[in-house]
Amino acid sequence: MKIGVVGLGRMGANIVRRLMRDKHHCVVYDMSDEAVQKVASEGAEAADDLASLVKALDAPRAVWVMLPSGHVTEETIEKLAGLMDKGDVIIDGGNTFYKDDIRRGKSLGERGIDYVDVGTSGGVWGLERGYCMMIGGKAEVVDRLDPIFASLAPGLGTIERTKGREGRDRRPEFGYMYAGPCGAGHFVKMVHNGIEYGLMQAYAEGFDILRNKMSEELPESERYSLDMADVAEVWRRGSVISSWLLDLTASALAQDEKLDTFSGYVEDSGEGRWTIEAAIEEAVPSEVLTSALFARFRSRRDHTFGEKLLSAMRFGFGGHQEQGPKSTKSGG
């Protein structure tokens, strides 16, 4: 397929690369000419602006927007809509608030333009591992775009088939799912990120407990000399708490067991807050997720080893750089 991609940051550029690997033709644009030229040198077609990008596509056009949620995405989608025709589709693959998707879907639909929201997980590893995608929009439009999603998804890989799935939609087994109408994709991804906060916090607190067992303030008979990297490594292999987050933890600890390159200043990207807001609206108790979010707020005042581990995991899966006054890493 021929598709336009707007936004060539950490994930956007790799989305283009993965699509090109599967022989899709990508027309690309970014505010950074350097970013455009880099991807163009690898085979993408460069566009000077949004108008030239839309002009280079064949009807019905499809444009994937991969930008930070908020004003820049809103402005870009509005500009694209003014350049596109009935039957064209705008895909938002960023971390947009699902209620904004519902509003956009309705507004664009009144102009005959389709809108698809794609909650995209995979971070900086997506090029190699593939992207897990949760998709919202009209079912027939999502079906038409299936070759794009199939190319970006991880595929079957080595994961065993879940017993009892016979006769069900095969797409989730390949790493992408149709979640429902506009907003459903980003809603599922929002809750996914809320759960991610809780999982990360559990690992962080557990390793903090382990590390503090080495404190000289403890009686010698109750003090252990534990190798944090070895603990993470052994838990990766056959343990019931094994996960990709634990893989990233093991890698970070193997390289720097004290995590001295991290300050422990932990940002939240918005989805955790939105998940808690949804829980409040639905009157659903979510003690773990709420606690994990508030722990990130606290990390910006005082930092524990566990919070350094949170920073290390965020850097591992998404390349997220620490920010804040106590940071030892540059912002980004």
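Refer to the structure printed above.
No experiment lies behind these values; they were computed from the predicted model shown.

**Notes on the pattern of salt bridges**
Now for step 1: Taken as a whole and judged by the stated rule, the model has 22 salt bridges.
Now for step 2: With its nearest N and O atoms 3.3 Å apart, the salt bridge here joins Asp-143 to Arg-171. With Asp-143 in helix H7 (residues 139-144) and Arg-171 in helix H9 (residues 171-174), this residue pair connects regions lying 28 residues apart in the sequence.
Now for step 3: Among the residues examined, Arg-171 registers a relative accessible area of 18% and is labelled buried.
Now for step 4: In this structure, the salt-bridge partner of Glu-307 is Arg-298, at a minimum N-O distance of 2.2 Å.
Now for step 5: Of the residues examined, Glu-307 reaches a relative accessible area of 4% and is grouped as buried.

**Section: empty space enclosed by the protein**
Now for step 1: Throughout the structure, instances matching the rule amount to one cavity of 30 Å³ or more.
Now for step 2: Empty space within the largest cavity amounts to approximately 40 Å³.
Now for step 3: Lining the largest cavity are Tyr-265, Val-266, Glu-267, Ser-311, Arg-314, His-320, Gln-321 and Glu-322.
Now for step 4: For the lining of the largest cavity, a count of residues per class yields two nonpolar, three polar and three charged.

Cut-offs applied
Residues numbered from 1 in each chain as written. Predicted model: local features only at pLDDT ≥ 70, side-chain atom pairs only at ≥ 80, totals over all residues. Heavy atoms only, no water. Salt bridge = Lys/Arg side-chain N within 4 Å of Asp/Glu carboxyl O. Helix = DSSP H or I, 4+ residues; strand = E, 2+ residues; numbered from the N terminus. Buried < 20%, exposed > 50% of the residue type's maximum accessible area, 1.4 Å probe, protein only. 1 Å grid on protein atoms, 1.4 Å probe; cavity = no way out; pocket = protein on both sides within 12 Å on 5 of 7 lines; lining within 4 Å. Points joined across faces, edges and corners; volume = space filled by probe spheres on them. Nonpolar A, V, L, I, M, F, W, Y, C, P; charged D, E, K, R; others polar.

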